[in-house]
Amino acid sequence: MIPLLAKYHQLVATLAQTATNSHKPIPQLMAVAKTQPLEKLSVLLAEGHRLFGESRVQEASHRWPALKKQYPESKLHLIGPLQTNKVKQAVLLFDMIETLDRPALAQALAKTFTALQVCRPLLIQVNTGSEPQKAGVLPQDFESLLTMARQLDLPVVGLMCVPPAQMDPAPHFAYLQTLAATHQLPYLSMGMSHDFTIAIDYDTSWVRVGTALFGPRDSSFK
Ligand SMILES: *Cc1c(COP(=O)(O)O)cnc(C)c1O
């Protein structure tokens, strides 16, 4: 079997087994496609995999229109920061945007949904570690952002986070789970290659896996 497919099926089995052992819902696997060559995405699509994540609007716009034509049921999530000048392009390209993190972006999304007569489910990205260099709304600004998004009729359906590197992710996942429950937000996007088994303990809806599936990324990509 192609090594990528062997890894893919192994990952799917690990997710199911880990969740079942802990009496948790089995999360969906999101294949994080950034910087990975098109051939690898095609292998997974041909195998029946449908959920993918991309970090950059630009990169996704080069290959996903054609892939979506071939596989109309494929779903693409934006998991990287979104600039307001790329909102229109992003809304047309992605099925879900996981990185709403500031009032200006909420306003731009609302305006674009109205103008294009479309709508996309959204997650709010929370900077749970309050790291200065990281995207995501700060915990102390979360409630006002959610309130504003709801006033704008934006379909916020859940929360996303990337815990600080080199730290135990569990308290961050626990915090996000509690925050979502407090605000009746049903979906959580937590867990990456190195910590997805921990995210399962906190009821994540999907795990975002890149390197553990595809191997290392092009190191020039930040
Ligand atoms: C790149 C990326 C991932 C995947 O990271 P891996 O460690 O390669 O699994 C997940 N989430 C976000 C937001 C990313 O930018």
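The rules behind these values
- Residues numbered from 1 in each chain as written.
- Predicted model: local features only at pLDDT ≥ 70, side-chain atom pairs only at ≥ 80, totals over all residues.
- Heavy atoms only, no water.
- Near = heavy atom within 4 Å.
- Polar contact = N/O pair within 3.5 Å; in protein donor to acceptor, adjacent residues only side chain to side chain.
- Core = buried A, V, L, I, M, F, W, Y, C linked by side-chain atoms within 4.5 Å.
- Buried < 20%, exposed > 50% of the residue type's maximum accessible area, 1.4 Å probe, protein only.
- Contact = heavy atoms within 4.5 Å.
- Helix = DSSP H or I, 4+ residues; strand = E, 2+ residues; numbered from the N terminus.

Remarks on the site of the ligand
Around the ligand, the surrounding shell holds 13 residues, and the nearest of these are Lys34, Ser193, Gly210, Thr211 and Arg217. Taking lysine 34, its side chain carries an N or O atom lying 2.7 Å from an oxygen atom of the ligand. Threonine 211 is positioned such that a nitrogen or oxygen atom in its backbone is 2.8 Å from an oxygen atom of the ligand.

Observations regarding the nonpolar core
A general tendency of soluble globular proteins is for nonpolar side chains to be buried together. Ranked by size, the top nonpolar core spans 61 residues in total, and within it Leu100, Leu109, Ile124 and Leu159 carry the most contacts. Non-local contacts of leucine 109, meaning those with residues more than four positions away in its chain, are made with Val87, Val91, Ile97, Leu100, Leu122 and Leu154. Ile79, Met96, Val157 and Trp206 belong to the second largest nonpolar core, which has 9 residues in total.

Focus on unusual backbone geometry
With a phi close to 55 degrees, histidine 23 is a non-glycine residue in the positive phi region. Mapped onto the secondary structure, histidine 23 falls in the loop between α1 (3–21) and β1 (28–32). Even without being glycine, serine 130 reaches a positive phi, approximately 45 degrees. By the element assignment, serine 130 lies in the loop between β5 (122–125) and α6 (142–151). Judged by relative accessible area, serine 130 falls into the partly exposed class, the value being 38%.

A few points about the environment of alanine 6
Note that alanine 6 resides in helix α1. Between the alpha carbons of alanine 6 and leucine 213 there is a distance of 9.5 Å; along the sequence they are 207 residues apart.

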